[in-house]
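Geometric and topological summary
Here's the letter readout for the chains.
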Amino acid sequence: MFRRFAISCVLLLVALQSGARTRPHYGGTLRIETEGDPWQQPSGIARRLVYDGLTRIDAAGSVQSALATGWEADSGNHRWEFHLRPVVHFHDGSSLTAAAVVASLNLSCTANCPWSAVHAVGSSIVFTNDAPMPNLPALLAGDDFLIEAVGSAEGSAPQANVGTGAFQVASSASGQLALKANEAGWQGRPFADTIEIRSHRAVRDQWLDLSLGKTDVVEVPAELIRQAQQQKMVVVVAPAAELLAVQVSETGALSNPQLRAAIACSVDRAPLANVIFQKQGEAVASVLPQSLSGDAFLFPVDRDLNKSHALRGGLTAPALTFAADTDAIMQLAAQRIVLNLREAGFNATVTGTAATQHADLTLRRIPLQGGSSSAVLDQVLRAAGETQLGTASNPAALYKAEHTFLEQHTLIPLVDLPRAYALGPRVRDLHLNAGGMPDLADASLGDTP
Amino acid sequence: MSLRQRLLLLFSLTVAAAVAAVAWTVLVRIRHVFEQRDQEETTLFVSQFQREFQHRSAETAAAVDRLASTEHVRAIAFEIVQSGDAAPYLTEAPVLAQESQLDFLEIITPDGNVVSSAQWPARFGYPEPAAKETGQAAFLKREDLPDGSTALGLFAVRSIHGAEPSIRLVGGRRVDRQFLADLPVAPGMQVALYSVPPPGANATQNAFDTKQLVGTAGDLPDAERYGSLVESALKTGQQQTALIDLTGQRENSANVTAIPLKDQAGNVLAVLLVALSRAGMVEAQQHIRAIAYGVASGGILLAIAFSLWIAARVSRPIEQLAHAAEEVAAGNWDARAPEQGNDEIGKLARSFNHMTAQLATQREQLVQSERVAAWRELARRLAHELKNPLFPLQLTVENLVRARALPESEFDEVFRESTATLGAEIANLKTIIGRFSDFSKMPKPELERIDAKDVLERVRSLYQATAAGEAQIDFVLHIARDPMPLMVDPELLHRALSNLVLNAMDAMPNGGQLTLAAQPVEDKIELRIADTGQGLTPEECERLFTPYYTTKLHGTGLGLAIVQSVVNDHGGTIAVESHTGSGATFIITLPKATA
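Remember, it's a predicted structure, so these values are computed and weren't measured experimentally. (Residues numbered from 1 in each chain as written. Chains lettered and ligands numbered in written order. Predicted model: local features only at pLDDT ≥ 70, side-chain atom pairs only at ≥ 80, totals over all residues.)

On to the overall build of chain A. The helix and strand inventory of chain A stands at 13 helices and 19 strands. Within chain A, the proportion of its 449 residues that are buried is 46%. Contacts spanning at least 24 positions in sequence make up 69% of the contacts within chain A whose residues lie at least 6 apart. (Helix = DSSP H or I, 4+ residues; strand = E, 2+ residues; numbered from the N terminus. Buried ≥ 20, exposed ≤ 12 C-beta atoms within 10 Å, placed from the backbone. Contact = placed C-beta atoms within 7 Å.)

In structure tokens:
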């Protein structure tokens, strides 16, 4: 009897202790390390913590209210009116007004905007455009259109990096950014008191720090997800968060669509997905991931070198420039594509940066920030420099729009890439949003084991 | 050129030629020896270099061997074979290459495809033909690189132990400028590498391209000078050696050996140039040559000095003998040559002295004889000259004695005639005595600067009328246009010329032509007096200037002697040219007056 009682007590204590550890705790400092700049547009990790958008995409891909509490459009989707959430303040204490939102949007979107005009009407923001904007709420959830203070109410010079987000800047020095919880945040106080972001850390160093308990969240590039899992790291993955694609210039050496088509046929996607990205990506020839559109299989991914030669038709293309980011994996992918192109009769040279304005080919990672299929297509088209965004409302029309766009061969989709982070043992409830970015405001810290 | 100078020249030339011949022979021999040593040295260094190159090849093969034996690599091979998934090892080759200090490394699947490549990471999945060369020694291979260029490397292929089917490693090291720089080279040696452009490149395979030639310090200056040697090595595929002049100066030349480097198929992929500078050898040669020239010059100078001494020693007695002979010739019969030694020169000197002494004695005797003869001739002349007036004097005196018996009137007439005859003959005697007196008392010349033309004009003007009147003699004057200044006593010269003119007129009793001529001959003035008379015999010509010798019936034989005396007193000479029946020409040569 006593023995049973004793065992029951022990089990109860263990259960209580376990429950205490799984409950979210307020307080503590969450430490994150990144390879890039936390403020880098559009997807720097600090931006989502400090700024909010008018809307947001939830984990299911649905558009939810954020700084805007509601919105409505006219019948043709040419005019949208977003109603601003009342009693929201920037971190500097100034009120969030429709005018401030318009000023921020005008600052962040200077060209190729989804709208032609935006203005404040009372506590509402009105967007107008000649073409319909059916996906504007989803687009406004993107990292490009986060709202930041561009001028204080008193007209004084604005402070840098002031938003309405769950965290505000506490200090920034020598590659280390400290954010503190915004106690008066409209969305409530986050669990962590502070977040320390250590930037410009190599991935291997991040992993070492994680193993030594010096940090709580580190980046895991797609090509290293497999390795991280083999090392028993706790990895959270957002599949198809980025589209690896080659953007082809319509001008210059590749103004001939036949040559662009020949290039598209010559690229062998399988080695990119299976070898370079270690089977963590999915070779695609469509803009939309299969999981989103369901018709990606209709776009053939196999390489067709004979067709490429036929399309080239004996034309000798001049030497092409191929821009790619300087990180090793992008350079490797670019070199592999150049090797493919060489077999198809194209002579391309890889240059060291994707910022090359006049490159004939550019290897890009295009963020897929979530939302409906139509919204994601709009995001990609906009990222590809298209000004005429889609208006498709059903899967058939969406497929047609995607197919029409890809027929131009100005963007050659290659691989859908996941985005992943490895977590330390203290981190609780950290999820990645639809765009693959960590939702740190909802994460908490458990007790140190 | 004197005997001493000729001897000196002869000795000097002989010695100099001998020294030059010896020096040339020595230099040629030294050069030959140096060239031979240079060739041997080059061969030695090239063979050493080749051994070093082979050593590097073996090192590369050993490095790949060691890598293939490591546990890590064997584990990779095992995993690839077991799982059939090579993707996780995409980035292994660069890491392994860095650890093994290899420039090239590829992991190859059993079917010959690249798993991971250090030199071209994007080449995974592509076949690597070189993987078939498993187990062989290191070989040369041209490797394609991502930037479109190619690189040469020493490669080795090794299977990884324990994995079946076998995974292979193809590893290698670059054969480039750094490779060359790491090779040990001897002082004065330079190495360079000529990379043959890959097939399909713009350049022709066997045509030399300076851009493809690199040395340990980068591009080679004057790379085009190696062109023919490289092309020769490329064409023949054999090692070639040539002497290459790098800057046009001999000390900057080099013995260059071109070693073709071939791949497994025997294609020449590169040419290794091993250049051994000849600067040291040339410097040594120049040093030796400078010493040889110095010694030769010193020897020649010493030989000249010695020749000078020998020539002086040999020629001095002869010079003294010659000097003595000159003295004797000048009339110093007391001159004697030094009698030194008992050699030929000494004997000659003694003979000369003896001969001179004998000649002096004989001359003295001859002078005595001539003096006696002269006195006899003088006595004969005086007797002859005085006998002619004395005979009429004797007859007149005897006639006057006989006339003493005649009546006084007749006596007076005879007396007057006799006294007249006596006076005339006595005057004749005075004249004869006066001439002898003049000959014995020739005056000292009082020199003046006059022109020869004036002298001849004066003579012609004096005698032309006389000659043209009675004797029907034509005067002809040939005088050169150039000035002919003379420093002479005008009166004495006029008297001498007058004497010759009168003789010429005497030689042409039936008329003829008398020519007076003057012309400059070098630094002298030549005066000619020529007639067209009967001329003179050679004997007469020979004795013509002897005092008291005459060919005339009433001559004293002193006229031409006086002329010769005048000419001699003015430093000149007189000569006669004549042939019987063709007249005679007297030639007076006097020194031209200086300005």
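Next comes the rest of the description.
Next up on the list: the overall build of chain B. Scanning chain B from terminus to terminus reveals twelve helices and 18 strands. Across the 595 residues of chain B, 27% fall into the buried class. Sequence separation of at least 24 residues holds for 61% of the intrachain contacts in chain B that already meet a minimum separation of 6.

Listed as interface residues are eleven residues of chain A and, on the opposing side, nine residues of chain B. Put simply, the parts of the chain that give the side of chain A that touches chain B at least two residues each are α8 (269–276) and α11 (328–343) of chain A. Considered class by class, the residues forming the side of chain A that touches chain B number five nonpolar, three polar and three charged. (Nonpolar A, V, L, I, M, F, W, Y, C, P; charged D, E, K, R; others polar.)

Residues and elements named next belong to chain A. Bridge count for strand β1 (residues 29–33) against strand β10 (residues 194–198) is five bridges, and the pairing is parallel. Among the inter-strand pairings, Ile32 is bridged to a residue of β10, identified as Ile197. As judged from the five bridges shared by strand β9 (residues 176–181) and β10, these two strands associate in the antiparallel manner. Each bridged residue has a counterpart across the sheet, and for Leu179 the counterpart in β10 is Ile195. (Pairing = 2+ DSSP bridges.)

With that settled, the discussion passes to the confidence of the model for chain A. Per-residue confidence for chain A gives a mean pLDDT of 86, with 90% of residues at or over 70. Taken element by element, chain A is modelled with least confidence in helix α1 (residues 2–22) of chain A, mean pLDDT 55, and with most confidence in strand β11 (residues 217–220) of chain A, mean pLDDT 95. (pLDDT = per-residue confidence, 0-100.)

Residue and element names in this part refer to chain A. Bridge count for strand β4 (residues 68–73) against strand β5 (residues 79–84) is five bridges, and the pairing is antiparallel. Across the sheet, residue Ala73 finds its bridge partner in β5, namely Trp80. The antiparallel hairpin formed by β4 and β5 contains five residues in its connecting segment, where Asn77 sits at a positive phi of about 60°.

In this section: the sheet that holds strand β1 (residues 104–108) of chain B. Residue and element names in this part refer to chain B. The strand order β2-β1-β5-β4-β3 describes an open sheet built from five strands, whose pairing is antiparallel. Of all strands in the sheet, those bounded by a partner on one side alone are β2 (114–117) and β3 (139–144). Neighbouring strand axes in the sheet, compared pairwise and without regard to direction, differ in orientation by 30° on average. In this structure, strand β4 (residues 150–159) lies alongside strand β5 (residues 168–174), joined through seven bridges in antiparallel fashion. Residue pairing across strands places Ala156 opposite Gly171, the latter belonging to β5. Packing against the sheet, helix α1 (residues 3–69) makes contact with β4 and β5, and its axis sits at approximately 50° to β4. (Axes fitted to C-alpha atoms, helices over the stretch in contact; angles between N-to-C directions.)

Next up on the list: the nonpolar core. Counting residues in hydrophobic clusters, the biggest one holds 199 residues, and the most contacted among them are Phe322(A), Val271(B) and Leu273(B). At nine residues, strand β17 (residues 411–423) of chain A tops the list of elements feeding residues into this core. Counting 40 residues, the second largest nonpolar core, distinct from the first, contains Ala467(B), Leu516(B), Leu544(B) and Val563(B). (Core = buried A, V, L, I, M, F, W, Y, C linked by C-beta atoms within 7 Å.)

Moving on: the packing of helix α7 (residues 257–266) of chain A against helix α10 (residues 305–312) of chain A. Residues and elements named next belong to chain A. Contact geometry of α7 with α10 gives a least axis separation of 8 Å together with a crossing angle of 170°. As judged from the angle between their axes, α7 and α10 are roughly antiparallel. When you trace α7 past α10, the crossing you get is left-handed. The residues of α10 that touch α7, namely those facing Gln258, Leu259, Ala261, Ala262, Cys265 and Ser266, are Leu305, Lys307, Ser308, Leu311 and Arg312. A per-class count over the contact of α7 with α10 returns six nonpolar, three polar and two charged. (Parallel < 35°, antiparallel > 145°, perpendicular 65-115°, else oblique. Left-handed = near helix turned anticlockwise from the far one by under 90°.)

All names here are of chain B. Secondary-structure assignment places Val81 in helix α2 (residues 71–83). Val81 gets classed as partly exposed once you count the C-beta atoms within 10 Å, which come to 18. In sequence terms Val81 and Glu164 are 83 residues apart; their C-alpha atoms lie 7.1 Å from each other.

The next thing to look at is the environment of Asn503(B). Residue and element names in this part refer to chain B. Mapping Asn503 onto the fold places it in helix α10 (residues 490–507). On the neighbour-count criterion, Asn503 (22 C-beta atoms within 10 Å) is buried. When the C-alpha atoms of Asn503 and Lys552 are compared, they prove to be 9.4 Å apart, with 49 residues separating the residues in sequence.

Bringing the sheet that holds strand β8 (residues 218–219) of chain B into the picture now. Residue and element names in this part refer to chain B. Read from one edge to the other, the open sheet built from six strands follows the order β8-β7-β6-β11-β10-β9, with strand pairing classed as antiparallel. Bordering the open sheet on either side are β8 and β9 (240–245), each of which pairs with just one other strand. As defined by bridge partners, strand β7 (residues 213–215) adjoins β8 across two bridges and the pair is classed as antiparallel. Each bridged residue has a counterpart across the sheet, and for Gly215 the counterpart in β8 is Gly218.

Another point: unusual backbone geometry. Positive phi outside glycine occurs at Asn77(A), with the angle close to 60°. On the secondary structure map, Asn77(A) appears in the loop between β4 and β5. Judged by C-beta crowding, with 16 C-beta atoms within 10 Å, Asn77(A) ranks as partly exposed. The phi dihedral of Glu522(B) is positive, around 55°, even though this residue is not glycine. Positionally, Glu522(B) belongs in the loop between β15 (512–521) and β16 (524–530). Note on Glu522(B): 8 C-beta atoms within 10 Å, which makes it exposed.

Another point: the packing of helix α6 (residues 279–329) of chain B against helix α7 (residues 344–403) of chain B. Residue and element names in this part refer to chain B. Where α6 contacts α7, the axes come no closer than 10 Å and their chain directions differ by 10°. The pairing of α6 with α7 is recorded here as roughly parallel in orientation. On the side of α6, the interface is formed by Pro317, Ile318, Leu321, Ala324 and Val328, while α7 contributes Ile345, Leu348, Ala349, Phe352 and Thr356. Tallied by class, residues from the contact of α6 with α7 come to nine nonpolar, one polar and no charged.

Moving on to helix α5 (residues 227–236) of chain B. Every α-helical turn comprises 3.6 residues, leaving residues that sit three or four positions apart pointing alike. Residues and elements named next belong to chain B. Within the sequence span of α5, burial applies to Leu229, Val230, Ala233 and Leu234. Taken end-on, α5 shows its buried residues confined to a sector of 135°, consistent with a single buried face. Across α5 from its buried face, at more than 90 degrees, point the exposed residues Lys235 and Thr236. Where α5 is buried, its residues contact β6 (189–195), β9, β10 (253–262) and β11 (268–277). Two residues or fewer after α5 comes Gly237, characterised by a positive phi angle close to 70°. (Arc of directions from axis to C-beta.)

Quick look at α8(A) now. Residues and elements named next belong to chain A. For α8, the buried fraction is high: six of the eight residues fall into the buried class. Restricting attention to buried positions, one finds in α8 the residues Arg269, Pro271, Leu272, Ala273, Val275 and Ile276. Among the structural elements, β13 (282–283), α11 and β17 are those in contact with the buried residues of α8. Downstream of α8 by a residue or two, Gln278 has a phi angle that is positive, lying close to 55°.

It is worth spelling out the confidence of the model for chain B at this point. In the predicted model, chain B carries a mean pLDDT of 84, and the fraction of residues at 70 or more is 97%. Reported confidences for the modelled complex are a pTM of 0.65 and an ipTM of 0.80.

The next thing to look at is the environment of Asp482(B). All names here are of chain B. By secondary structure assignment, the location of Asp482 is in the loop between β13 (473–479) and β14 (485–488). Among the residues examined, Asp482 registers 10 C-beta atoms within 10 Å and is labelled exposed. C-alpha separation for the pair Asp482 and Gln519, spaced 37 residues apart in sequence, amounts to 8.0 Å.

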